[in-house]
Every structure is written in C-alpha cells, then in structure tokens.
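# A closer look at the structure
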Amino acid sequence: MELELASLLGMWAAATLRSVTPLLLTTLGETLTQRVGVINLGIEGEMLLGACVGFAVAASTGNPVLGFGAGALAGVALSLVHAGLVLGVRANQIASGLAVWMIGLGVTSYAGRAYVGKQVTSLDTLGSPMTANWPFIGVFLEQTSLAGFAAIAIVLFAAWWLANTRSGLAWRTVGESARVAAENGLNPGRIRLYGIMIGGALAGLGGAILSVDYTQTWAQEMTKGRGLIAVGLVIVARWRPALVLPVCLLFGVAEVAVLRLQSTGVDVSSYLLASSPYIIVILVLVATHMYARRALVMPADLRSVFA
Amino acid sequence: MTMNRRILAISLTTCAGFVVVSMLFFAVIGQPPVKTLADMVMFAAGDSYSISETLIKTSPILLCALAAAVPGRLGLISVGAEGQLHVGAIFGTAVVLVASDASAFLLLPLMLMAAAIGGGAFGYLPGILRARLEINETISTLVLNYVGILFVSALVYGPWRDAVNLGWPATMPFPPAAVFPTIGGTRVHLGLVVGVILAVALHFAFTRGRWALSIRVLAGNRKVGETFGLNYRRQVVLLMTLGGAIAGIAGIVEVSAVQGRLQPGISIGYGLTGFLVAWLSAHRPLIILPVSVVVAGLISAGDALQLFAKVPAASVVVLQGLLFATALAVPGFLNRYRPYHGT
C-alpha cells in the first residue's frame, strides 16, 4: 500500500513537471523581457512558432535536440518583428505583441498543416533498471525526460545571473530607467533588443518542448494561451526569475490536481476542466493584487506601457 | 488641417505598405502576387454574391470592433470580444431553449437582451478587476476568451446537445421565430443593421455631451479628470461592460442568423479581427463602419481563395497580422523621416 502511494505521487510529480516545463521557460523568457522594460504579448505566437518549427525539424531529422534548437531560433526570428515595431518605430507594445501573435498563429496554421498527425521521436526518459524499484523516484524518473531538469537549471541560472553579474545589473538598470542607463554609458536600445530576443528564444524552446517532448504531436493553435498565461504569471512571480520556478510549479500542481478530478470519478465536463488553467491564473492574479503592492517591484519603465 | 493631412498620409502609406507586404507574402508562398491580389478584390466585391458574403462577415466584425472601441475610448486595451461573443451566444440561446414556442416579436428582443447581459457580465468581470485591483485588462480579457469558448463546448457537448443530432455537438436548430430576418432576398441579416445603428449611436455618445467630455478628459489624463470630480473607476466598469454587451449581441446574431443553432466554432476569430479594426480606426465608430467592411472583404476573399485557388484560409490570418504590423509601423516610420513637420 505504501509503495503504491509512492508510485502514485511519483506519477503526479512527473505529470506536473512535464506539463509545466514549456510554461516555465516561456514565463522566464517573458520575465527577462519585462525586466528590460518591454512587454511582449507576442510570446504566445513565438511559442506557437517554436512548437511548429521544432516539431517539423524533430520529425524530419529524427533528432529532438535539433528540434529544440530550431524552435528557439524560430522564436527569436518572430521576436525580431516585435523588436522592430517597438524599438525601431516606437509602436504601442501591447498592440505590437498582438500583431506578432496573429502572424505566428497564421504562419503556423498555414505551414503546420503538413505536420498534423506526423510522428516524432522524443527524448529518452530517465528511468533505468537500477532505479526502477526505488519508491517514488523510480516511477518519477520513468516518466520524465531531461527537458524538465534542463528548464529548471536554466531558470536557476537566469535568476543567479540577473542578481549577481555586471551584465545582469545592466539589464535591471535599463528596466528601471532607460535614461539613467544611458547616462551611465549603457545602450538601452541594444539591451532591450537582447531582452526581447532571449524572451523569443525561451518561448520558442518552450513551444518546441511542448510539441516534441510533451504532447509529441503537432496541432493547430496547440499552445492554447499558455504564452498569455505566462504573461499573467510574470506578475504573480513579481518579475523575479527566482520566483518563476515556485509559481509555475504551483500552477502546474493546481492544473494537474483539477485534471485528476475526473479520474476520481467526479462527473464534470472535460471542457469545464479544460477551462481551469485560465480561471486559476485569474484567481492567482486577484490574490497577488490583493495581498501585495506590485507598484514597488514592477520595473519602473514598464509602468508607462502597462498600467 | 495639418492633422488631417497627417492622418491622410498615414492612411495612404498604410494601404500602400499593406499591398506591398501582402504581395511579398503571396510571392513567398508561391502564388502569383498581382493575380492573387486582383482575385481577392474580385472575391470580396466582384459580384452580388461576393458582396453579400462580405456583408454577412461584416456584422460580427463590426460589432466586435465596436466592443473593443468602447473601452478603447478610455485608453483601455480590451481584447475580450471573442469570449464575450461566446457567452452572449450562450445567454441568447438559453432564451430560445426555454421559450422555443414564443413569437418572434417576443423572442428576438429577449434574445438580444439576454446576449447583451451575458456578454456584459463577461466584460464587467475584467472591468471590475481593473477598477478595483488594477489587474491589467488586456491579460484578463485574453485569458477569459478561452473560458468563454470552452463554456460553449461544455454546453453543446453536454446538457444542451440535441439527441436528434446523433453525437454531433450542437443544440436543436432554432425555430423560425428565433432566426433573425434577412434583408430583401439576400443572406445579409438584421445584425448588420443593429451594428450600423450602434455605430451611429456611439458616434454621438462619444462626441457630444457631458459623458463624451468626461471620457475624453479621463482618457487624456486620469489625475486631471479626478480633480474635476470625475470617477475613473466607474467609467472603466461601465465601458468594459458596455463593450462586452455589444460583443454578446454579435454572438447571438451570428448563432441565430448564420449558424441556426449553438455549436462550437461559431466565431472564426471575430474578436481579434474586431480588435484590429477598432485599432485601425482609432476607436472612432464612424471610421469603424467602412474599415470593418474592408476587413470582412479580406476574410471572405480568403474563404473563396481556399475554395478556388487552394490557398489555405490560414493565409488570411497572416494577412491580418501583417496589416496590423504595417499599421503600427507606419506612423513611427513617417515621424522618423519627417521630424520637422511636427505633430
């Protein structure tokens, strides 16, 4: 009995980590973009393009890692549209993000038709004969791949980098005040460009992990608003990469718990259950805004675009 | 005068830019650029059939554009018309299911009212979150869109599914009394008339009188408005709710007049398209009227293109995105190369 409970928990933990990995990377990407003072709603489209291109490359080469790389590059490419509109001609950031999203949605629906129903090789799971009989860990490793752990490592590294390095300080300065940054010899335009590009890379990578490693299929509009949820979770994580990890994991636990309701015999429409991630993100936003003063932690230069 | 010239310059450059960008796009996907563009114009407005197809698509786009423009007058960026449209469709359909024997004179106004209440409630929610807790309305409306769409699926796959359908997820077909009448032998329906009347009414509401003035002051500078005793938060809730109600009407009109029953896929992204139209029109109701016809023509031409030239309809979504990006790029572009013209 005890062993069974351990395997059940192991399965849940694995399901949570797998479903939350794309969101984790995308939320980190948007956090870094917003820390340099730019909001990008287009990460929804960048994630979708990453999922599409990543899946296409992984399916045709048989190599999931190449798929991840291609997905990240696709995300960067689309993020350059946002950079051009926002930094190049000073367009409204929210509207520009929506335009980027539309382009990503259209391009992937157009180009992705060829890959509907195709097969893909995903990463190997981490289980081995040695660990198979260990309680909890055995089942957990059996059902997870390296992607989840790599994502966690990336988040931890980004948190350390932003807080402790010279270049991290430069990024934070640009987000607080581009004017002060320029007076101190930094180039705010270039750093904001990097911020948008790294956001695109992480969203594209997240999308590729979603299609290649998690669902292992491509479907039109398959990100289903995960990028938009990420924009909400950035606020919940108080624009701090270190908090992105617990916030996303808690979100994933809540999501998996609601979805598991069905298997416990509760008779709820699967469509109502599918709406739970969106309702959860609204609820955590409400909780965050009720209990915390966000004005103090928001990058100051964001305030002008993002009330 | 210079202001008008600037708007004219921006409009013309945007149109020219969009033509160039869309021809580039056609070239990339391997279609003859000039011919495809000419085909699209023909498919949008070439004969009476094309024109009626375009006008059918105009009505949800026009209503969704007004739904985005109403909060837009206060500087709010609400992208929630898609979800509000679906919730409006649910509320309007509920009336039909409860009172399917009623006469058209009773049923149609009740359906419109119920849809407005449902959509309005779905706009009130992000409105009150913005007013009370400063939760960004763009994010909440975008996320709530998915909720509204899933609610429709939950109902038509669940309690509202008509058993006669043999598994097809849809309600029973609407009785004739619950179908919005069409105009003079065409398939164009009364929803378009509702949209035009609303656009004219909103034009007067936003340009004349005390309310128009207080919104303009608050949109320009919230703090100044509040020192004059204007209530910003109340206007946020009011305009978000009003916008939601208009999108809700779009939902029930589409279900009743075009689909004939509530089912998944009642909207092909009309909410986002409407937002694009509202943005292109700078939230002005009388400019929204022609712009929504043009964008509806683009979408209806895309359908025809898929049918006759085997160009997937998804290309129209790309074109909408490119149109949006062009429109965003042009004003900044003109500023950059003519700084001495001032504003």
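Remember, predicted model here, so these are calculated numbers, not experimental data.

## A closer look at the overall build of chain B
What chain B contains, in helices and strands, is 13 helices and zero strands. Written out in order from the N terminus, the α and β elements of chain B read α-α-α-α-α-α-α-α-α-α-α-α-α. Computed over its C-alpha atoms, the radius of gyration of chain B comes to 21 Å, within 12% of the 20 Å expected for a compact globule of 343 residues. Across its three principal directions, the C-alpha atoms of chain B cover 70 × 60 × 35 Å. Put simply, chain B has 343 residues, and 53% of those count as buried. As displayed, chain B offers around 14,800 Å² of accessible surface, 69% of which is attributable to carbon and sulfur atoms. Across chain B, the mean location of the 21 positive side-chain charges is 15 Å away from that of the 11 negative side-chain charges.

## A word on the overall build of chain A
A count of helices and strands for chain A gives 13 helices and zero strands. Relative to the globule expectation of 19 Å for 307 residues, the C-alpha radius of gyration of chain A, 20 Å, shows essentially globular dimensions. Taken along the three principal axes of its C-alpha coordinates, chain A extends 65 × 45 × 40 Å. Looking at chain A residue by residue over its 307 residues, the buried ones come to 55%. A fraction of 78% describes how many contacts in chain A between residues 6 or more apart in sequence connect residues 24 or more apart.

## Observations concerning the interface of chain B and chain A
Taken together, the contacts link 42 residues of chain B with 43 residues of chain A. Here chain B meets chain A over a buried area of about 3,700 Å², counting both sides, of which 83% is carbon and sulfur. Where chain B meets chain A, there are zero salt bridges. In this structure, the connection of chain B to chain A is made through one residue pair in polar contact (both at pLDDT 80 or more). Secondary-structure elements contributing two or more residues to the side of chain B that touches chain A are helix 5 (104–133), helix 6 (137–157), helix 11 (270–280) and helix 13 (314–337) of chain B. For the side of chain B that touches chain A, the leading source of residues is helix 13 of chain B, giving 14 residues.

## Concerning the pattern of salt bridges
Tallying each qualifying case throughout the model produces nine salt bridges over all chains. Residue arginine 179 of chain A pairs with glutamate 183 of chain A through a salt bridge whose shortest N-O separation is 3.3 Å. Taken together, the residues span about one helical turn, with arginine 179 of chain A and glutamate 183 of chain A both in helix 8 (residues 178–183) at a distance of four residues. Accessibility assignment for this pair places arginine 179 of chain A and glutamate 183 of chain A in one class, exposed. For the salt bridge of arginine 222 of chain B with glutamate 134 of chain B, the shortest nitrogen-to-oxygen distance reads 3.6 Å. Of this pair, arginine 222 of chain B sits in helix 9 (residues 222–227) while glutamate 134 of chain B sits in the loop between helix 5 and helix 6; the two residues are 88 residues apart in sequence, bridging distant segments of the chain. Overall, arginine 222 of chain B belongs to the partly exposed group, its relative accessible area being 26%. By relative accessible area, glutamate 134 of chain B is classed as partly exposed at 29%. Overlapping salt bridges bring together Glu134, Arg222 and Glu226 of chain B as one network.

## Considering the environment of proline 71 of chain B
Residues and elements named next belong to chain B. The topology assignment puts proline 71 in helix 3 (residues 48–72). The buried category is assigned to proline 71, whose relative accessible area is 1%. Taking the C-alpha atoms as reference, proline 71 lies 8.1 Å from leucine 242; in sequence the two are 171 residues apart. Aside from chain neighbours lying at most four places away, what touches proline 71 is Leu76, Ser78, Leu239, Met240 and Gly243.

## With respect to the packing of aromatic side chains
All names here are of chain A. Throughout the structure, instances matching the rule amount to twelve aromatic pairs over all chains. Ring geometry for tryptophan 161 against tryptophan 171: centres 5.0 Å apart, planes inclined by 85°, an arrangement best described as edge-to-face. Of this pair, tryptophan 161 sits in helix 6 (residues 146–164) while tryptophan 171 sits in helix 7 (residues 166–176), and the two are ten residues apart along the sequence. Here tryptophan 161 and tryptophan 171 have matching classes, each one buried.

## Side note on the packing of helix 2 (residues 43–61) of chain A against helix 3 (residues 64–88) of chain A
When two helices pack together, their arrangement is captured by the angle between the axes and the distance separating the axes. All names here are of chain A. Two elements in contact, helix 2 and helix 3, have axes separated by 7 Å at closest approach and are oriented at 145°. Remark: the crossing between helix 2 and helix 3 carries right-handed chirality. Two secondary-structure elements touch here, helix 2 through Gly45, Glu46, Leu49, Gly50, Val53, Gly54, Val57, Ala58 and Thr61 and helix 3 through Pro64, Leu66, Gly67, Ala70, Gly71, Ala74, Gly75, Leu78 and Ser79. Its residues assigned to classes, the contact of helix 2 with helix 3 shows nine nonpolar, eight polar and one charged.

## Quick look at the side chain of serine 122 of chain A
Residues and elements named next belong to chain A. Relative to the assigned elements, serine 122 resides in the loop between helix 4 (93–111) and helix 5 (137–142). Side chain to side chain, serine 122 and glutamine 216 meet in a polar contact 3.1 Å long. Excluding residues within four positions of it along the chain, serine 122 makes contact with Pro64, Val212, Asp213 and Gln216.

## As for a nonpolar patch on the surface
All names here are of chain A. On the surface, Leu5, Leu8, Leu9, Met11, Trp12, Met130, Trp134, Phe136 and Ile137 cluster together to form a nonpolar patch covering roughly 850 Å² of accessible area. No other element matches helix 1 (residues 2–35), which puts five residues into the nonpolar patch. Along the chain, the position of methionine 130 falls in the loop between helix 4 and helix 5. Exposure remark for methionine 130: the relative accessible area of 60% places this residue in the exposed category.

## Topic: the nonpolar core
Core analysis: the largest hydrophobic core is formed by 182 residues, its most contacted members being Leu98 and Leu233 of chain A together with Met111 and Phe324 of chain B. Per element, the largest residue contribution to this core is 13 residues, and it comes from helix 10 (residues 232–259) of chain B. Not counting residues within four places of it along the chain, the set of residues in contact with phenylalanine 324 of chain B comprises Ala95, Leu98, Ala99 and Met102 of chain A together with Phe275, Leu276 and Trp279 of chain B.

## Details of helix 5 of chain B
Structural remark: α-helix, 3.6 residues per turn; residues separated by three or four positions point the same way. For helix 5 of chain B, built from 30 residues, the straight-helix expectation of 44 Å at 1.5 Å per residue is met to within 8% by its first-to-last C-alpha distance of 43 Å. One or two residues past the end of helix 5 of chain B sits glutamate 134 of chain B, with phi positive at roughly 60°.

## Some remarks on unusual backbone geometry
A negative phi angle is the norm for most residues apart from glycine, just as the trans form is the norm for most peptide bonds. Residues and elements named next belong to chain A. Of note, the phi angle at glutamate 221 is positive, near 55°, even though the residue is not glycine. As for its placement among the helices and strands, glutamate 221 is situated in the loop between helix 9 (188–214) and helix 10 (226–236). A relative accessible area of 39% means that glutamate 221 is categorised as partly exposed.

## Structural notes on the packing of helix 7 of chain A against helix 9 of chain A
Residues and elements named next belong to chain A. Close contact between helix 7 and helix 9 brings their axes to 10 Å; oriented N to C, the two are set at 105°. Regarding the angle of helix 7 to helix 9, the classification is roughly perpendicular. Of helix 9, the residues touching helix 7 (which contributes Ala170, Trp171 and Val174) are Pro188, Ile191, Arg192, Tyr194, Gly195 and Ile198. Residue composition of the contact of helix 7 with helix 9, by class: seven nonpolar, one polar and one charged.

What counts, and at which threshold
- Residues numbered from 1 in each chain as written.
- Chains lettered and ligands numbered in written order.
- Predicted model: local features only at pLDDT ≥ 70, side-chain atom pairs only at ≥ 80, totals over all residues.
- Heavy atoms only, no water.
- Helix = DSSP H or I, 4+ residues; strand = E, 2+ residues; numbered from the N terminus.
- Rg over C-alpha atoms; globule rule 2.2 N^0.38 Å.
- Buried < 20%, exposed > 50% of the residue type's maximum accessible area, 1.4 Å probe, protein only.
- Areas by Shrake-Rupley, 256 points an atom, 1.4 Å probe, with all protein chains shown as cover.
- Lys, Arg positive; Asp, Glu negative; His and termini not counted.
- Charge placed at Lys NZ, Arg CZ, Asp CG, Glu CD.
- Contact = heavy atoms within 4.5 Å.
- Buried area = accessible area lost by both parts, 1.4 Å probe.
- Salt bridge = Lys/Arg side-chain N within 4 Å of Asp/Glu carboxyl O.
- Polar contact = N/O pair within 3.5 Å; in protein donor to acceptor, adjacent residues only side chain to side chain.
- Phe/Tyr/Trp six-rings, centres within 6.5 Å; stacked < 30°, edge-to-face > 60°.
- Axes fitted to C-alpha atoms, helices over the stretch in contact; angles between N-to-C directions.
- Left-handed = near helix turned anticlockwise from the far one by under 90°.
- Nonpolar A, V, L, I, M, F, W, Y, C, P; charged D, E, K, R; others polar.
- Patch = residues over 30% accessible without salt bridge, like charges linked within 9 Å, V, L, I, M, F, W, Y side chains within 5 Å.
- Core = buried A, V, L, I, M, F, W, Y, C linked by side-chain atoms within 4.5 Å.
- Expected span 1.5 Å × (residues − 1).
- Parallel < 35°, antiparallel > 145°, perpendicular 65-115°, else oblique.

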